[in-house]
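Listed here are the chains, written in short residue letters.
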Amino acid sequence: MQSAGPYYDKTPWYREGTPLSFRFILRKLGFLRHLQQTQAAPAQPPPEERHAVRLGLDLNDNIHNLRSVLGGSDDVVSRRLRVGAENTVSCALLFINTLVDENVVTDAILRPLTVWEGGGKRLPQGEALLEILAQEVLCAAMLHSESALAKLADDCLSGSTVLLLDGCPAALVIQTK
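The structure presented is a predicted model; accordingly, all values stated were derived computationally and were not measured. (Residues numbered from 1 in each chain as written. Predicted model: local features only at pLDDT ≥ 70, side-chain atom pairs only at ≥ 80, totals over all residues. Heavy atoms only, no water.)

1. As for the environment of Phe95
No. 1: For Phe95, the location among the structural elements is in strand S2 (residues 89-96).
No. 2: Each C-alpha atom of the pair Phe95 and Val162 lies 6.4 Å from the other, and the pair is 67 residues apart in sequence. (Helix = DSSP H or I, 4+ residues; strand = E, 2+ residues; numbered from the N terminus.)

2. Let's talk about the side chain of Ser90
No. 1: Structurally, Ser90 is set in strand S2.
No. 2: For Ser90, the side chain forms a polar contact with the side chain of Arg82, separated by 2.4 Å.
No. 3: Sequence-distant contacts of Ser90, that is, excluding residues within four places in its chain, are made with Leu59, Leu81, Arg82, Leu164, Leu165 and Asp166. (Polar contact = N/O pair within 3.5 Å; in protein donor to acceptor, adjacent residues only side chain to side chain. Contact = heavy atoms within 4.5 Å.)

3. So, the sheet that holds strand S4 (residues 160-165)
No. 1: Ordered by their spatial adjacency, 5 strands build an open sheet running S1-S2-S4-S5-S3, and the pairing between neighbours is antiparallel. With partners counted over all chains shown, the strands left at the sheet margins are strand S1 (76-83) and strand S3 (143-146), one partner each. Adjacent strand axes in the sheet meet at a mean angle of 25 degrees when their direction is disregarded.
No. 2: Running at roughly 25 degrees to S1, helix H5 (residues 102-115) makes contact with S1, S2, S4 and strand S5 (171-175) of the sheet. (Pairing = 2+ DSSP bridges. Axes fitted to C-alpha atoms, helices over the stretch in contact; angles between N-to-C directions.)

4. Here we look at the nonpolar core
No. 1: Leu113, Trp116, Leu133, Leu163, Leu165 and Leu172 are the most contacted members of the largest nonpolar core, which has 27 residues in total.
No. 2: Residue contributions to this core peak at 6 residues, all from helix H6 (residues 127-137).
No. 3: Setting aside its immediate chain neighbours within four residues, Leu113 contacts Leu81, Val83, Leu133, Val137, Leu138 and Leu163.
No. 4: Formed by 17 residues, the second largest nonpolar core is a distinct cluster that contains Leu59, Leu66, Leu94 and Leu152. (Core = buried A, V, L, I, M, F, W, Y, C linked by side-chain atoms within 4.5 Å. Buried < 20%, exposed > 50% of the residue type's maximum accessible area, 1.4 Å probe, protein only.)

5. Considering the pattern of salt bridges
No. 1: Counted by the stated rule, this structure contains 1 salt bridge.
No. 2: The residue Asp107 makes a salt bridge to Arg111 at a minimum N-O spacing of 2.7 Å. With Asp107 and Arg111 both in helix H5 and 4 residues apart, this pair spans about one turn of that helix. (Salt bridge = Lys/Arg side-chain N within 4 Å of Asp/Glu carboxyl O.)

6. Here's the deal with the packing of helix H4 (residues 59-69) against helix H7 (residues 149-157)
No. 1: Contact geometry for H4 and H7: axes closest at 9 Å, N-to-C directions at 60 degrees. On the basis of the axis angle, H4 is oblique to H7. The two elements H4 and H7 meet at a crossing, and its hand is right-handed. Where H4 abuts H7, its residues Asn65, Leu66 and Val69 lie against Leu149, Leu152 and Ala153. (Parallel < 35°, antiparallel > 145°, perpendicular 65-115°, else oblique. Left-handed = near helix turned anticlockwise from the far one by under 90°.)

See the structure below:
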């Protein structure tokens, strides 16, 4: 063994092979740090798989899935509505309360949806109804349709409001900053 100096030669914890060597302790600390990181952060799917998760047809499942992707924060607001003729269409708005302008949500989305009666005709289902809401009912300057769950979460995190319809595998993303 090479001499590391007069002090280190006399201390029993420095000698190679003893369980208290500095190298041994560092190796154990590195292993514990690695163990904590792998247990604390569950494995994230690759980005292409993350964007592959799409909305389903069930409104409750879509709300639950989107809230879970957003982390279940208290700032995430979900507002359920029944709209259309005789309140036949179930829908929900999801947004992050601290990122949106509540006046825009009220004036551009909630008020038009609650007073809309569907024009007295039989309403289409799914994405056709979503298109009618986008073109004829909502008073928003910027909106688009989206079905990828991760992209919907990203839009919510950027200050947009998501409108989900029961029985529709897509959602409207309405800019409400």
